[in-house]
Amino acid sequence: MCMSRLLRTSRTMQPERYDKSSKRKFFYSLIYILFLVMVSFYWFITRGPSSHSQTAILCYPLTLPNISRLDLLPERALERMLYEQPKTMNPPRTDVLMVTPWFAPIVWDGTYNIDILNAQFHQRNVRVGLTVFAIKKYTVFLQRFIETAEKFFMVGHKVNYYVFTDRPNDIGNISLPEGRKVVILEVPSYKRWQEVSMRRMEMIRDYSQQRFIHEVDFLVCVDVDMRFSDEVGVEILGDVFGTLHPGFYAASRDRFTYERRKQSTAYIPPDEGDFYYAGGYFGGTVPEVYKLTNYCHNEMLTDKRNGIEAIWHDESYLNKYFLYHKPTKILSPEYLWDNGYAVPQFLKRRRFVAVPKNHNEIRNKRALNDSPKSRGKFHR
Ligand code: 4GW
Ligand code: MN
């Protein structure tokens, strides 16, 4: 048979075969769809409106009678646990303040049960972002920071380290176990170190909006010139938290190094103020951290337009924010310590400690004499 005939025959044969098989397919599909409709109808009649099944979520917004969104909330129960009973008449700590007048807990060793908290946060499959800035020479702090964090920070939970740096090439490949990773975010550096410190607010704000909100539930924002030396876990997490500065936990409010010039938006009068919060340790849910950093950055810009800069930079704006937007949890100085201070009796743990800096080496010399910061924020 010549080739052209073969082609002709096949061309004439095919449409007919195709026709038959497609009709059959269509028929079977119709039966299948009919079957599905009947099953769905049966399911809806028998258990649909009162069911707690996930399927009902697809109907949102709910218009059917008798269904409330409340019926769809996931049921979460803890498993049986054995632990010492909390004693109403015998508080675990009497040497320190455990709760603020607005009912925010202050986190001290001995005041919480980490097993209960871990069970709760594991159930929610919580994801934590730890933001840290390593601009210019501060990249030298990064390795120790991450190594010690791997030992002590949110062990057993999902953690993203967000490293903001202008020197991504200085940071080697850091491979971490499942559930934990380092994300390098390349950002500009600023000439003035005050700006380096303050612009953290702007960058955390911008990345919260663009990225963090999609990737993590909570943010913890800290200084990089630090090492972890004891456990820091989910006990610190809450809507929005600040940390008591290790230099001022016992000071009276008029001694706090708040901004005292009325021309600055960070101004706080001497008869106001709850605590002195450290600029190098705050956090909360992503939306709350967004609000906080957005506020601090905007106030800083307003001051800039008026030719003023708050005395302790981002820390001053943070303290102003927390005065009128009270934190829902407060971390004790266990979470931010400097071994330059004598260790008081009540300080049972030192979990996150400042790494001594050689100021001449790590900071540029010109910057050293132009502000009280040359002595370090901790020792004023
Ligand atoms: C003076 O020359 C400088 S440089 C003061 C801060 C500098 C700086 C700060 C820097 O060059 N690069 C940098 O990444 N930072 C970040 O800002 C870094 O995360 C650091 O931990 C944070 C706050 O600065 P700091 O730790 O030097 O502040 P203190 O002395 O209060 O801990
Ligand atoms: Mn620091």
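Procedures and definitions
- Residues numbered from 1 in each chain as written.
- Chains lettered and ligands numbered in written order.
- Predicted model: local features only at pLDDT ≥ 70, side-chain atom pairs only at ≥ 80, totals over all residues.
- Heavy atoms only, no water.
- Pairing = 2+ DSSP bridges.
- Helix = DSSP H or I, 4+ residues; strand = E, 2+ residues; numbered from the N terminus.
- Contact = heavy atoms within 4.5 Å.
- Axes fitted to C-alpha atoms, helices over the stretch in contact; angles between N-to-C directions.
- Phe/Tyr/Trp six-rings, centres within 6.5 Å; stacked < 30°, edge-to-face > 60°.
- Buried < 20%, exposed > 50% of the residue type's maximum accessible area, 1.4 Å probe, protein only.
- Lys NZ or Arg CZ within 6 Å of the ring centre and 35° of its normal.
- 1 Å grid on protein atoms, 1.4 Å probe; cavity = no way out; pocket = protein on both sides within 12 Å on 5 of 7 lines; lining within 4 Å.
- Points joined across faces, edges and corners; volume = space filled by probe spheres on them.
- Salt bridge = Lys/Arg side-chain N within 4 Å of Asp/Glu carboxyl O.
- Donors = N, O, S within 2.8 Å, 3.2 Å for Na, K, Ca; no water.
- Nonpolar A, V, L, I, M, F, W, Y, C, P; charged D, E, K, R; others polar.

1. Considerations on the sheet that holds strand β9 (residues 329-331)
Backbone hydrogen bonds hold the strands of a sheet together, and the pairing may be parallel or antiparallel.
And step 1. Across the sheet, which stays open at both edges, the eight strands sit in the order β1-β9-β7-β8-β5-β2-β3-β4 with mixed pairing between neighbours. The sheet is open, and its two borders are formed by β1 (106-107) and β4 (180-186), each paired with just one other strand.
And step 2. One ladder, built from two bridges, connects strand β7 (residues 240-243) with strand β8 (residues 281-285); its direction is antiparallel. Considered in β8, the bridge of Phe-241 is made with Gly-283.
And step 3. Against the sheet, helix α5 (residues 286-305) touches β5 (218-222), β7 and β8, its axis set at about 130 degrees to β8.

2. A look at the packing of aromatic side chains
And step 1. Under the criterion given, the structure shown has 26 aromatic pairs.
And step 2. Consider the rings of Phe-145 and Phe-352, whose centres lie 6.2 Å apart with planes at 70 degrees: the pair is edge-to-face. With Phe-145 in helix α3 (residues 142-152) and Phe-352 in strand β10 (residues 352-354), this residue pair connects regions lying 207 residues apart in the sequence. Here the two residues Phe-145 and Phe-352 agree in accessibility, since each one is buried.
And step 3. Across the ring face of Phe-121, the terminal group of Arg-124 is positioned such that the distance to the ring centre comes to 5.2 Å.
And step 4. Positioned over the ring face of Trp-102 is Lys-326, at 5.0 Å from the centre of the ring.

3. Details of the layout of surface pockets
And step 1. Taken as a whole, the second largest pocket holds about 310 Å³ of empty space.
And step 2. In this structure, the second largest pocket is lined by Tyr-83, Glu-84, Gln-85, Pro-86, Lys-87, Asn-90, Pro-92, Gly-110, Thr-111, Tyr-112, Asn-113 and Ile-116.

4. Remarks on the pattern of salt bridges
Here the idea is simple: oppositely charged side chains can pair when their charged atoms come close.
And step 1. Per the counting criterion, the structure on display carries 23 salt bridges.
And step 2. Here Arg-199 and Glu-195 are joined by a salt bridge, their closest N and O atoms 3.0 Å apart. Of this pair, Arg-199 and Glu-195 both sit in helix α4 (residues 193-215), four residues apart, which is roughly one turn of that helix. By the burial criterion, Arg-199 is buried, and Glu-195 matches it.
And step 3. Taking the shortest distance from any N to any O, the salt bridge between Arg-199 and Glu-202 comes out at 2.8 Å. Taken as a pair, Arg-199 and Glu-202 lie in helix α4 at a separation of three residues, close to a single helical turn.
And step 4. Classification of Arg-199 as buried rests on a relative accessible area of 11%.
And step 5. Take Glu-202: its relative accessible area is 17%, and that puts it in the buried class.
And step 6. Among the charged side chains, a network of salt bridges with common partners joins Arg-192, Glu-195, Arg-199, Glu-202, Lys-304 and Glu-309.

5. Description of the coordination of the manganese ion (ligand 2)
And step 1. Within the protein, the atoms that donate to the manganese ion (ligand 2) are Asp-223 (OD), Asp-225 (OD) and Asp-225 (OD), at distances of 2.2 to 2.4 Å. Across the pair, Asp-225 and Asp-223 agree in class, each one buried.

6. Quick look at empty space enclosed by the protein
And step 1. If you walk through the whole model with that rule in mind, you get two cavities of 30 Å³ or more.
And step 2. Approximately 70 Å³ is the volume attributed to the largest cavity.
And step 3. In terms of lining residues, the largest cavity is bounded by Thr-131, Phe-133, Arg-200, Met-201, Ile-204, Cys-221, Val-222, Asp-223, Gly-279, Gly-280, Phe-282 and Asp-314.
And step 4. Only β2 (127-134), α4 and β5 provide two or more residues apiece to the lining of the largest cavity.
And step 5. Here the element with the most residues in the lining of the largest cavity is α4; it accounts for three residues.
And step 6. Split by residue class, the lining of the largest cavity holds six nonpolar, three polar and three charged.

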